[in-house]
Protein chains: 2
Amino acid sequence: MEELFEYLARYSPLSEGSKRAIAKISQELHIRKNSDLQPIGHTCKTIYFLKKGIARIYYFKDDVDITESFSFEGHIVVRYESLFTGKPSKKGIQMLEDSDVIAINASGLFKLYDRHRDIERLFRNIFEAALIDQVNRIESLQFHTADERYKALIKDAPDIIKRAPLKYIASYLGITPVSLSRIRSLR
Amino acid sequence: MEELFEYLARYSPLSEGSKRAIAKISQELHIRKNSDLQPIGHTCKTIYFLKKGIARIYYFKDDVDITESFSFEGHIVVRYESLFTGKPSKKGIQMLEDSDVIAINASGLFKLYDRHRDIERLFRNIFEAALIDQVNRIESLQFHTADERYKALIKDAPDIIKRAPLKYIASYLGITPVSLSRIRSLR
DNA sequence: GTAATTTATTATCATATGTAAAGTGTTTTC
DNA sequence: GAAAACACTTTACATATGATAATAAATTAC
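Residues numbered from 1 in each chain as written. Chains lettered and ligands numbered in written order. Predicted model: local features only at pLDDT ≥ 70, side-chain atom pairs only at ≥ 80, totals over all residues. Heavy atoms only, no water.

Colleague: Explain the nonpolar core to me, and be specific about the residues and the numbers.
Modeller: Counting residues in each nonpolar core, the largest one holds 60 residues, and the members touching the most others are Phe 123 of chain A together with Phe 123 of chain B. Not counting residues within four places of it along the chain, the set of residues in contact with Phe 123 of chain A comprises Leu 8, Ile 22, Ile 47, Leu 109 and Tyr 113 of chain A. (Core = buried A, V, L, I, M, F, W, Y, C linked by side-chain atoms within 4.5 Å. Buried < 20%, exposed > 50% of the residue type's maximum accessible area, 1.4 Å probe, protein only. Contact = heavy atoms within 4.5 Å.)

Here it is in structure tokens:
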């Protein structure tokens, strides 16, 4: 659990009691490469922290597999639109490598908000940071070319090329694998 | 202020004392059509509630004016990436009509969090909802055609066509005005 | 109210990306 | 380790969108 608390401490401090409370509603999981951490159709009731490994959130649009986002070790994975609405998500979470994950029970966490104000504040800060990330992603999608987005991705996460199949990277960039191949062949 | 409190009540309840505290750090403004509520380059230190009128968040990319988002009466406008980082925003907020706005001082608001837990909780809820909106916007930009995005926009906000210049709508959709003209002429 | 400016449309041509199909290389399965 | 499945690249052609320019329509300024 230590990695998780190091991550959380980056957002705001937690009392020892709050840490114990979070530990109590969390459990460590090992997930095999290519298997689903959460399948499509389930309601998101868990906040996952990636200790080791890399994940993607994906869904199907007209039978085409679309990668909405990648998440790396040392970060959390959440399907916000399901977690905060309580509705089933049409998105799944798949691990792209054999992975170690800490699963935090979300309804348990939200209950802790009342008695542990530092926890509520901490997760408010985490979700505010996530909001910033999403705004920046929109900017990237709205007015950068596919080529620019690809360059930005490999700058941001150079090892993504080695760790995720190009077909997933392509749909993440909003293009087809064929088009990504073309972009890559220009270098 | 009543419209503001009706809006806030949709997210979670506020005590009378909390309402008074918010009113104290808020002020009503009248803004002329086409003028900036917040110019580019300023740090976002205010959360605006639109009583009447319509706003856009915009910025310049390579001298081209880009509309990042529209906001309508009965909703708030915030440049999250600046509000939560404290960094100057490269985005401005412009009113597209003569407008009535309630300006909530953000640092004043954040100070209220300590003594008014209902306020912290309320704004956590508001920002969580904003996070959902951004996730959905990403999905729209990532895997819908410009034509689909245009249809979705007029379904979502039919009067946007009458109230915002098409050039702004075009850049919001991630296309040029010429391309938007083409899309529109197909109907 | 007229002139000047801005906004929107249309046409033409260029470019980027999509689709489909074929071929090559890699991984998985038994 | 061979066969099958999958991933990636390349080519050819189709389509959508961009860039530019000309024109028309609407708005703004005086």
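Colleague: Help me get a handle on the sheet that holds strand 3 (residues 46-52) of chain A, residues and values and all.
Modeller: All names here are of chain A. On the basis of which strands lie adjacent, the open sheet formed by four strands has the order 1-8-3-6 and antiparallel pairing. The open sheet is flanked by strand 1 (26-31) and strand 6 (76-77), the only strands paired with a single partner. In this sheet, strand 8 (residues 99-105) lies alongside strand 3 in antiparallel orientation, the contact comprising six bridges. When the bridges of strand 8 are listed, Tyr 48 appears paired with Ala 103. Set on the sheet, helix 1 (residues 2-9) makes contact with strand 3, strand 6 and strand 8; between it and strand 3 the angle comes to about 110°. (Pairing = 2+ DSSP bridges. Helix = DSSP H or I, 4+ residues; strand = E, 2+ residues; numbered from the N terminus. Axes fitted to C-alpha atoms, helices over the stretch in contact; angles between N-to-C directions.)

Colleague: Describe the protein's contact with DNA strand C, naming the residues involved and giving the relevant values.
Modeller: Inspection of the region around DNA strand C gives 15 residues, with Ser 179 and Arg 182 of chain A together with Leu 166, Lys 167 and Ser 181 of chain B positioned closest. Sugar and phosphate atoms constitute 59% of the interface atoms of DNA strand C, taking the interface as everything within 4 Å of the protein. Within the contact set of DNA strand C, a phosphate oxygen lies 2.6 Å away from a side-chain nitrogen or oxygen of Lys 167 of chain B. Taking Ser 181 of chain B, its side chain carries an N or O atom lying 2.6 Å from a phosphate oxygen of DNA strand C. (Near = heavy atom within 4 Å. Polar contact = N/O pair within 3.5 Å; in protein donor to acceptor, adjacent residues only side chain to side chain.)

Colleague: Give a detailed account of unusual backbone geometry, specifying residues and quantitative values.
Modeller: Residue and element names in this part refer to chain A. At Asp 63, a position not held by glycine, the phi torsion is positive, near 70°. Note that Asp 63 resides in the loop between strand 4 (55-61) and strand 5 (64-71). A residue is classified by how much of its surface remains accessible, and Asp 63, at 75% relative accessible area, is exposed.

Colleague: Can you explain the packing of aromatic side chains? Please cite residues and give values.
Modeller: All names here are of chain A. For the structure on display, the rule yields 18 aromatic pairs over all chains. Each ring, one from Tyr 80 and one from Phe 84, has its centre 6.2 Å from the other, and the planes form 20°; the classification is stacked. Comparing Tyr 80 with Phe 84, the two get one shared label, buried. On the numbers, 5.0 Å between centres and 90° between planes, the contact of Phe 84 with Phe 127 is edge-to-face. Taken as a pair, Phe 84 in the loop between helix 3 (80-83) and strand 7 (92-95) and Phe 127 in helix 5 (residues 117-143) lie far apart in primary sequence, 43 residues in all. Residue Phe 84 shares its accessibility class with Phe 127, and that shared class is buried. Connected via pairs of aromatic rings, a cluster forms that spans Tyr 80, Phe 84, Phe 123 and Phe 127. One residue, Arg 56, lies across the ring of Tyr 168, its end atom 3.6 Å from the ring centre. (Phe/Tyr/Trp six-rings, centres within 6.5 Å; stacked < 30°, edge-to-face > 60°. Lys NZ or Arg CZ within 6 Å of the ring centre and 35° of its normal.)

Colleague: I'd love a proper account of the interface of chain B and chain A, names of residues and values included.
Modeller: Facing the 38 residues of chain B at the interface are 38 residues of chain A. Here chain B meets chain A over a buried area of about 3700 Å², counting both sides, of which 59% is carbon and sulfur. The interface formed by chain B and chain A contains 14 salt bridges. Counting every contact that joins chain B to chain A gives 22 residue pairs in polar contact (both at pLDDT 80 or more). Going through the elements one at a time, strand 4 (55-61), strand 5 (64-71), helix 3 (80-83), helix 4 (106-115), helix 5 (117-143) and helix 8 (166-173) of chain B are the ones with two or more residues in the side of chain B that touches chain A. (Buried area = accessible area lost by both parts, 1.4 Å probe. Salt bridge = Lys/Arg side-chain N within 4 Å of Asp/Glu carboxyl O.)

Colleague: Help me get a handle on the relation of the copies chain B and chain A, residues and values and all.
Modeller: Here two copies of a chain appear, and what relates them is a rotation about an axis with a shift along it. You can overlay chain B on chain A at an RMSD of 0.0 Å; the transform is a turn of 180° with a shift of 0.0 Å along its axis. Such a combination of turn and shift is consistent with a two-fold rotation axis. Both copies share a contact surface, since 100% of the interface residues of chain B are interface residues in chain A too. (Least-squares fit on C-alpha atoms with pLDDT ≥ 70 in both.)

Colleague: Can you break down the sheet that holds strand 1 (residues 26-31) of chain B residue by residue, with the values?
Modeller: All names here are of chain B. Spatial strand order, 1-8-3-6: four strands in an open sheet with antiparallel pairing. Both edges of this open sheet fall to strand 1 and strand 6 (76-77), since each of them pairs with a single strand only. Strand direction decides the pairing type here: strand 1 and strand 8 (residues 99-105), joined by six bridges, are antiparallel. Paired with Ser 26 across the strands is Ile 104, a residue of strand 8. Across the sheet, helix 4 lies against strand 3 (46-52) and strand 8, angled at about 50° from strand 8, the strand it touches most.

Colleague: Just give me the short version of the side chain of Ser 12 of chain B, but keep the residues and values in it.
Modeller: All names here are of chain B. As for its position among the elements, Ser 12 is in the loop between helix 1 (2-9) and helix 2 (16-24). For Ser 12, a relative accessible area of 12% translates into the label buried. With near-sequence residues (within four places) excluded, Ser 12 lies in contact with Asp 118, Arg 121, Leu 122 and Asn 125.

Colleague: With reference to specific residues and values, describe the environment of Leu 109 of chain B.
Modeller: All names here are of chain B. The residue Leu 109 is located in helix 4 in this model. Note: C-alpha distance between Leu 109 and Ala 146 (37 residues apart in sequence) is 39 Å. Aside from chain neighbours lying at most four places away, what touches Leu 109 is Ile 22, Ile 25, Ile 47, Ile 104, Ile 119 and Phe 123.

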